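# Observations on the model geometry
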Amino acid sequence: MKALVISGGGSKGAFAGGVAQFLIEDLKKEYDLFLGTSTGSLLLTHLALGKIDKIKQIYTSVNQEQIFDLCPFKIKNKYGRSHIQIHHWNVLKNFLKGSKTFGESRALLDLIKRSISREEFEILQKGVSEIVVTVSNLSQNHVEYKSINDCSYEDFCEWVWISCNYTPFMSLARKNGCEYADGGLGSIIPIEEAIKRGAKEIDAIVLQTEITHLNRMPSNNAFDLITNMFSFMLDRIEHQNIRIGKFVANHQDAIINLYYTPTVLTMNSLIFQKEKMQNWWQKGYHYAKKKDQDSTPLVHLE
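Quick summary incoming for the structure in this document. (Residues numbered from 1 in each chain as written. Predicted model: local features only at pLDDT ≥ 70, side-chain atom pairs only at ≥ 80, totals over all residues. Heavy atoms only, no water.)

### So, helix H2 (residues 39-49)
How we decide: Burial classes: relative accessible area under 20% of the type maximum marks a residue as buried, over 50% as exposed, and values in between as partly exposed (1.4 Å probe, protein chains only). Numbering of helices and strands starts at the N terminus; helices are DSSP runs of H or I of at least 4 residues and strands are runs of E of at least 2.
In terms of residue burial, H2 counts as a mostly covered element, since eight of its 11 residues are buried. Just past H2, the residue Gly50 takes up positive phi, approximately 80 degrees.

Set out below in structure tokens:
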């Protein structure tokens, strides 16, 4: 049983799309299980359908307005880098409405429903591959994995959306009597879950460099501080997920092929910029191609 696992990573998901494109289109890999967290969950349905061009177009053209119906920050460019500043008026409006978060992201749910049709959903449910997304149940303090085979169309779209809700900047969802948030808060790269579901060969796309080689700039404001803190915590969760995944794989005779980003793509994955994401998609494709070439033994003809 083969599985494709894609980690969380916000706008960096474009890089994962490029890697997956090479694996599926060039190497002709067929997966029995597609499992993703946060931005990874957004890619799964179209990858499973083989509709690479469609998800590429969606991913490399998305902007803040298609994700946030109330964005809690402004993007400022300084010294060639993008920074976020608090959008005080939007945050105040959200709090006056009684919201528990700085911003709202129901626009993303609408985008998901426009991107995944009911017909595509039904094809996937009848197909041989299983699609699973990761969510964090804050009320019951555990991670949950939602399979497309157990969901209605509306429920599945909502679980994909919930998997991506990077609270407190995005919406806090309430479903089945519980509060839910981004799956990455508990399992950012769910390799262990793939093995538990029977996978013996896992291609895992990790939207982070293999070795940490960055020095964060001092925080400019409260939002900068919060994003830096979250990035630090998610990095720790990711490293733990990979260590546990390798440990379980060794005991289950499973093989893990890890695809890391070769360089630091961005310091803030909540910023969605068309040109950068188009570039990251191509980087992912060429990185996977080079990795495959480097690992392929040369055959000498005599």
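### Comments concerning the pattern of salt bridges
Side chains that differ in sign of charge can pair as their charged atoms come close. Keep this limit in mind: The working definition used for a salt bridge is a side-chain nitrogen of Lys or Arg within 4 Å of a carboxyl oxygen of Asp or Glu.
Scanning all chains against the criterion turns up 14 salt bridges. Of the charged contacts, one joins Lys54 and Glu120 as a salt bridge, the two residues approaching to 2.8 Å between their closest N and O atoms. Of this pair, Lys54 sits in helix H3 (residues 52-59) while Glu120 sits in helix H6 (residues 118-126), and the two are 66 residues apart along the sequence. Lys54 sits in the partly exposed class, given a relative accessible area of 30%. Salt bridges linked by common partners bring Lys29, Glu201 and Asp203 together as one network.

### Some words on the state of the cysteines
Keep this limit in mind: By definition, disulfides here are pairs of cysteine sulfur atoms that lie within 2.5 Å.
Tallied over the entire structure, the rule returns zero disulfides. Cysteine Cys71 shares no disulfide, and the gap to the nearest cysteine sulfur, in Cys164, comes to 16 Å. Of the cysteine sulfurs around Cys164, a residue in no disulfide, the closest is that of Cys157, at 12 Å. The class for Cys164 is buried, based on a relative accessible area of 6%.

### Structural notes on the pairing of strand S1 (residues 2-6)
Two faces make up the sheet, and in a regular strand the side chains alternate between them. The criterion, for reference: In this scheme, strands are said to pair when DSSP sees at least two bridges between them. Every crossover in which the path from the first strand over the helix to the second runs clockwise, viewed with the strands pointing away from the viewer, is termed right-handed.
Counting buried positions along S1 gives four out of five residues, so the element sits mostly inside the fold. In this sheet, strand S9 (residues 201-206) lies alongside S1 in parallel orientation, the contact comprising five bridges. Bridge pairing links Leu4 to Asp203 in S9. With helix H1 (residues 13-26) bridging S1 and the parallel strand S2 (residues 33-37), this β-α-β connection has right-handed handedness.

### What to know about the packing of aromatic side chains
Between two aromatic rings, the relevant description is the distance of the centres plus the angle of the planes. Applied cut-off: Within 6.5 Å between ring centres, the rings of Phe, Tyr and Trp (the latter by its six-membered ring) count as paired, and their orientation is classed by plane angle as stacked under 30 degrees, edge-to-face over 60, tilted in between. Placement of a positive charge over a ring is assigned whenever Lys NZ or Arg CZ falls within 6 Å of the ring centre and within 35 degrees of the normal to the ring plane.
All told, the structure shown has 13 aromatic pairs when counted by the stated rule. Both rings, one in Tyr31 and one in Phe34, keep their centres 5.6 Å apart while their planes meet at 75 degrees; by these two values the pair is edge-to-face. For the ring pair Phe121 and Tyr153, a centre distance of 5.8 Å and an interplane angle of 75 degrees mean the geometry is edge-to-face. Here Phe121, found in helix H6, pairs with Tyr153, found in helix H7 (residues 153-163); they are 32 residues apart in sequence, far enough to count as distant. In terms of burial, Phe121 and Tyr153 fall into one category: buried. Above the plane of the ring of Trp159 lies Lys146, whose end atom (NZ or CZ) is 4.4 Å from the centre.

### Examining empty space enclosed by the protein
Rolling a probe over the atoms, with the probe sized like a water molecule, indicates the empty space that remains. Test applied: Lining residues are defined by having an atom within 4 Å of a point belonging to a cavity or pocket. Those points lie on a 1 Å grid over the protein atoms alone, cavities being sets where a 1.4 Å probe fits but cannot get out and pockets being open sets with protein on both sides within 12 Å along at least five of seven lines. Grid points are joined across faces, edges and corners, and a volume is the space filled by probe spheres set on the points. The residue classification treats Ala, Val, Leu, Ile, Met, Phe, Trp, Tyr, Cys and Pro as nonpolar and Asp, Glu, Lys and Arg as charged. All others, Gly included, are polar.
Inspection of every chain in the model, using the stated rule, returns one cavity of 30 Å³ or more. Estimated volume of the largest cavity: approximately 770 Å³. If you trace the largest cavity, you find 46 residues lining it, with Gly8, Gly9, Gly10, Thr39 and Ser269 closest to the centre. Contributions of two or more residues to the lining of the largest cavity are made by H2, H3, helix H5 (106-115) and helix H9 (222-252). For the lining of the largest cavity, the element with the most residues is H9, which contributes five residues. Its residues assigned to classes, the lining of the largest cavity shows 23 nonpolar, 18 polar and five charged.

### Observations regarding a nonpolar patch on the surface
Put simply, the rule reads: Patches here are clusters of residues that have more than 30% relative accessible area and form no salt bridge, with a 9 Å joining cutoff for like charges and a 5 Å cutoff for nonpolar side chains (Val, Leu, Ile, Met, Phe, Trp, Tyr). In these tables, accessible area is a Shrake-Rupley quantity obtained with a 1.4 Å probe, and a residue counts as shielded only by the protein chains included in the view.
There is a patch of nonpolar side chains on the surface, built from Leu225, Met229, Phe232 and Met233 and spanning about 400 Å² of accessible area. Within the secondary structure, Phe232 sits in helix H9.

### Some words on unusual backbone geometry
The amide bond that connects Thr167 to the next residue, Pro168, takes the cis arrangement and shows omega of 10 degrees. Along the chain, the position of Pro168 falls in the loop between H7 and strand S7 (173-175). Positioned with a positive phi, Ser38 is a non-glycine residue whose angle comes to about 55 degrees. One can find Ser38 in the loop between S2 and H2. In this structure, Asn141 is a non-glycine residue whose phi angle is positive, near 60 degrees. Here Asn141 shows up in the loop between strand S5 (130-137) and strand S6 (142-147).

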